Amino acid sequence: MTENSLSPESPTALEAARREKLRKIVELGHDPWGGRFDERAWIGDIRARANEIVFRTEAGQAIDLPDLDGPDLDGPDLDGPGLGDDFNFRQWLANQGPGALEGPQVRAAGRIVLHRDKGKLKFINIRDMTGDIQLFVGKKQVADDWDLAQCIDLGDLIGIDGKLMRTKTGELSIFAERLYFLCKSLESPPDKHSGLKDAELRQRQRYLDLIHTPGVLPRFLQRTRIVRSIRDTLAEQDFVEVEGPTLHTVAGGAAARPFVTHHNALDIDLTLRIALELHLKRLMVGGIERVYELGRVYRNEGIDQKHNPEFTMLEVYQAYGDYRSMMDLTEQCICNAIEAIGNRGKGPDGGSQSGESSSTTSYRLLYGETTIDFTPPFERRTYADLFQEYAGVDPLDEEAVTRLAATNQIETAGRHPDVVKNDLFEALVEDHLKGPLFVIDYPSSICPLTKRKRDNPAIAERFELFVEGMELANAYTELNDPDLQEELFRTQLAGLSEEDSMAKMDHDFIRALRYGMPPAGGLGIGIDRLVMLLTNTQSIRDVILFPLLRSK
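Residues numbered from 1 in each chain as written. Predicted model: local features only at pLDDT ≥ 70, side-chain atom pairs only at ≥ 80, totals over all residues. Heavy atoms only, no water.

**Here's the deal with the packing of aromatic side chains**
Enumeration according to the criterion identifies 12 aromatic pairs in this entry. Both rings, one in Phe89 and one in Trp92, keep their centres 5.8 Å apart while their planes meet at 10°; by these two values the pair is stacked. Here Phe89 pairs with Trp92, and both are found in helix H4 (residues 89-95), just 3 residues apart, close to one helical turn. Taking the relative accessible area as the measure of exposure, Phe89 reaches 2% and is therefore buried. Between the NZ or CZ atom of Arg462 and the centre of the ring of Tyr442, over which it lies, the distance is 4.4 Å. (Phe/Tyr/Trp six-rings, centres within 6.5 Å; stacked < 30°, edge-to-face > 60°. Helix = DSSP H or I, 4+ residues; strand = E, 2+ residues; numbered from the N terminus. Buried < 20%, exposed > 50% of the residue type's maximum accessible area, 1.4 Å probe, protein only. Lys NZ or Arg CZ within 6 Å of the ring centre and 35° of its normal.)

Right, here's the structure in full:
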């Protein structure tokens with residue numbers, strides 16, 4: 001370690017104090033940056049061993065401890081009703097007569113999130129991905145490591161060898177026998193009262209948000225479990241995961257403005273992908289009959305509570321299926337994801353329910369002030385019926401639709417009637433769709449990649465899944481007629497801007513269709529929005545680890 005690494009030119013007083021402790025750690029012969037630390041257990045697994053602690057009488061009898069993990073004593077009540085704070089553990093110990101507690105030997109590591117000095121005792125709380133636990137550090141018990149214990153600060157990473165026990169007040173704790181320094185934190189944590197309250201600061205410094213904002217780390221771990229569950233659901237049905245290109249020559253598969261870049265060596269302009277669709281369909285032509293990709297897409301558009309320019313999309317294609325097959329698959333993916341994160345929503349009787357402790361799963365989840373019931377099957381309503389109900393006019397009555405558009409300041413001149421109608425649907429209908437609700441059978445003119453109904457070519461076999469007024473999924477019975485697809489790619493609906501249109505010719509995709517793509521169902525699910533709904537999170541930025549932010 002160099003002198004420069006220990007002494008910056010002008011540290012703050014708090015940083016200087018931490019660097020002084022850094023020097024002391026080195027003087028004591030320890031590496032303040034730590035190293036490999038094998039055989040440590042997750043704190044969650046250590047806490048699960050609490051039932052191994054017994055009271056051993058002088059006569060050698062092992063007495064099980066009462067259940068102390070009540071909701072107010074030891075954190076979340078995961079093990080049953082417990083005894084709570086009213087139980088006097090100290091008195092219980094005295095009632096057992098001479099003897100002592102015995103617990104298993106454990107090894108843990110984590111970040112210090114709480115530190116209290118009591119003379120020759122230190123009470124330290126450490127945290128890892130699975131939870132928190134208290135350390136009981138006594139001068140007599142750690143002996144030579146006591147000087148090292150004087151060098152700790154909030155935010156430091158330490159390791160511990162010791163026995164899992166209970167304090168006299170019943171607090172589950174590791175009674176330290178050996179300390180290890182694993183990394184010195186040179187920055188002080190945010191003030192616990194006035195710290196990370198600014199949303200943009202939390203997103204800009206997500207590492208601090210994960211450490212210090214309650215619920216953030218568990219939310220992102222839930223996101224991981226949701227994504228893993230979706231992959232498991234698809235794997236069970238023989239879907240093949242692939243990785244398509246993120247640089248495209250044609251911004252196809254969706255109606256969106258792309259990000260444009262330039263490849264110097266080839267001297268060509270490229271776009272970041274706005275959808276996954278067209279390359280996955282090429283793979284169906286090639287014989288991968290059940291295929292999906294779960295990856296990032298990029299759209300050069302606005303930012304709000306539901307939109308981020310970079311987001312995660314799942315797209316799935318199933319040969320010999322249709323949009324009804326995709327409804328079933330959507331329900332399976334969502335319900336399995338709810339099971340994977342352990343539903344703690346309301347049970348069928350309206351009371352609270354834990355997914356871990358119940359033999360049946362509730363699919364009722366709280367989102368804001370609303371309880372959403374994801375119990376399948378989801379409701380299905382046609383686009384036309386919903387338009388009639390909430391817009392108040394027959395969608396086939398073009399004059400009535402035109403008058404309604406004028407009332408709602410929606411331009412009609414030079415615009416295709418279905419474009420106007422869809423603007424009205426977004427303005428007057430979508431906010432009413434609490435769901436989960438499959439909106440089915442859209443006007444075919446606004447669905448150029450979708451197969452038409454045999455008995456009514458004006459209607460496309462398409463659905464969108466809405467939950468709390470938010471579009472969560474979009475699916476088609478896929479169009480596999482190459483001549484019709486080419487015609488539709490060349491058709492620009494009147495009144496649609498280029499960025500809102502799918503009229504972007506991809507000649508190689510048309511060529512692929514001419515070799516024969518099986519009839520299929522296709523599905524897209526916005527993963528970030530799904531995570532929002534399943535974790536009761538109101539902003540998309542709070543489920544994306546590093547959302548795009550304006551440069552400071």
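**With respect to a negative patch on the surface**
On the surface, Asp394, Asp397, Glu398 and Glu399 cluster together into a negatively charged patch. Structurally, Asp394 can be placed in the loop between helix H12 (383-391) and helix H13 (398-407). Residue class for Asp394 comes out partly exposed when judged on its relative accessible area of 34%. (Patch = residues over 30% accessible without salt bridge, like charges linked within 9 Å, V, L, I, M, F, W, Y side chains within 5 Å. Areas by Shrake-Rupley, 256 points an atom, 1.4 Å probe, with all protein chains shown as cover. Salt bridge = Lys/Arg side-chain N within 4 Å of Asp/Glu carboxyl O. Lys, Arg positive; Asp, Glu negative; His and termini not counted. Charge placed at Lys NZ, Arg CZ, Asp CG, Glu CD.)

**Focus: the pairing of strand S8 (residues 172-183)**
Bridge count between strand S6 (residues 131-138) and S8: 3 bridges; the pairing is parallel. Residue pairing for S8: Gln134 is matched across the bridge by Ser173. As paired strands, strand S7 (residues 157-166) and S8 are joined by 10 bridges and run antiparallel to one another. If you follow Gly162 over to S8, its bridge partner there is Ala176. Counting the residues in the hairpin turn of S7 and S8 gives 5 residues, including Gly170, whose phi is positive at 95°. (Pairing = 2+ DSSP bridges.)

**Focus on helix H10 (residues 277-285)**
The set of residues buried in H10 consists of Glu277, Leu278, Leu280, Lys281, Arg282 and Met284. Where H10 is buried, its residues touch strand S13 (290-298), strand S14 (310-319), strand S21 (470-477), helix H16 (507-514) and strand S22 (520-526). (Contact = heavy atoms within 4.5 Å.)

**Considerations on the side chain of Asn474**
Its location among the elements puts Asn474 in strand S21. Polar contacts involving the side chain of Asn474 include one to the side chain of Arg462, which spans 3.0 Å. Contacts of Asn474, omitting those with residues within four sequence positions, involve Arg462, Phe463, Glu464, Gly522, Leu523 and Gly524. (Polar contact = N/O pair within 3.5 Å; in protein donor to acceptor, adjacent residues only side chain to side chain.)

**Describing the sheet that holds S8**
Reading around the circumference, S4-S5-S6-S8-S7 is the order of the 5 strands in this closed barrel, with mixed pairing throughout. Across the sheet, the axes of successive neighbouring strands diverge by a mean angle of 55°, strand direction being ignored. (Axes fitted to C-alpha atoms, helices over the stretch in contact; angles between N-to-C directions.)

**What about the environment of Gln318?**
Residue placement: Gln318 occurs in strand S14. Each C-alpha atom, one on Gln318 and one on Glu478, is 9.6 Å from the other, the two residues being 160 residues apart in sequence. Apart from residues lying up to four places away in sequence, Gln318 is in contact with Phe239, Met284, Glu289, Arg290, Ser325, Met326, Pro519, Ala520 and Gly521.

**Observations concerning unusual backbone geometry**
Backbone geometry follows two general trends: most residues other than glycine have a negative phi, and most peptide bonds adopt the trans configuration. Omega for the peptide link from Pro376 to Pro377 comes to 0°, which places this bond in the cis form. Along the polypeptide, Pro377 turns up in the loop between strand S16 (370-373) and strand S17 (379-382). Residue Gly435 is joined to Pro436 through a cis peptide bond whose omega torsion reads 5°. Residue placement: Pro436 occurs in the loop between helix H14 (417-428) and strand S18 (437-443). A positive phi is found at Gln409, a non-glycine position, where the angle reads about 55°. Relative to the assigned elements, Gln409 resides in the loop between H13 and H14. Judged by relative accessible area, which is 69%, Gln409 ranks as exposed.

**Here we look at the side chain of Lys122**
Within the secondary structure, Lys122 sits in strand S5 (residues 121-128). Here Asp117 takes part through its side chain, which lies 2.4 Å from a polar atom of the side chain of Lys122. Discounting chain neighbours no more than four positions away, the residues touching Lys122 are His115, Arg116, Asp117, Leu135, Phe136, Val137, Trp146, Ala149 and Gln150.

**Digging into the sheet that holds strand S11 (residues 260-263)**
Within the open sheet, the 3 strands sit side by side as S10-S12-S11. Their pairing is antiparallel. Each edge of the open sheet carries a strand with a single partner, namely strand S10 (247-248) and S11. Pairing analysis gives 4 bridges linking S11 to strand S12 (residues 268-272), with the strands arranged antiparallel. Following the sheet pairing, Val260 is matched in S12 by Thr271.

**Some words on the pairing of S6**
Summarising burial for S6: 7 of the 8 residues are buried, a large majority. The loop that links S5 with its antiparallel partner S6 comprises 2 residues.

**Comments concerning the confidence of the model for the protein chain**
Summary statistics for the protein chain give a mean pLDDT of 89 and a share of 89% for residues scoring 70 or more. No element of the protein chain has a lower mean pLDDT than helix H1 (residues 3-6), at 42, and none a higher one than strand S9 (residues 240-241), at 98. Contacts for the low-pLDDT stretch residues 72-81, under 50 throughout, to residues beyond four places or in other chains number 22 contacts. Per-residue pLDDT stays below 50 along residues 344-359; that stretch engages in 28 contacts with residues further than four places along the chain or on separate chains. (pLDDT = per-residue confidence, 0-100.)

**Here's the deal with the packing of H13 against H14**
Relative to each other, H13 and H14 sit at 55°, their axes nearing to 10 Å. Classified by the angle their axes make, H13 and H14 are oblique. Crossing geometry of H13 relative to H14 is assigned as left-handed. Taken together, the residues of H14 that come into contact with H13 (itself represented by Glu398, Val401, Leu404 and Ala405) are Pro417, Val420, Lys421, Leu424 and Leu428. For the contact of H13 with H14, a count of residues per class yields 7 nonpolar, no polar and 2 charged. (Parallel < 35°, antiparallel > 145°, perpendicular 65-115°, else oblique. Left-handed = near helix turned anticlockwise from the far one by under 90°. Nonpolar A, V, L, I, M, F, W, Y, C, P; charged D, E, K, R; others polar.)

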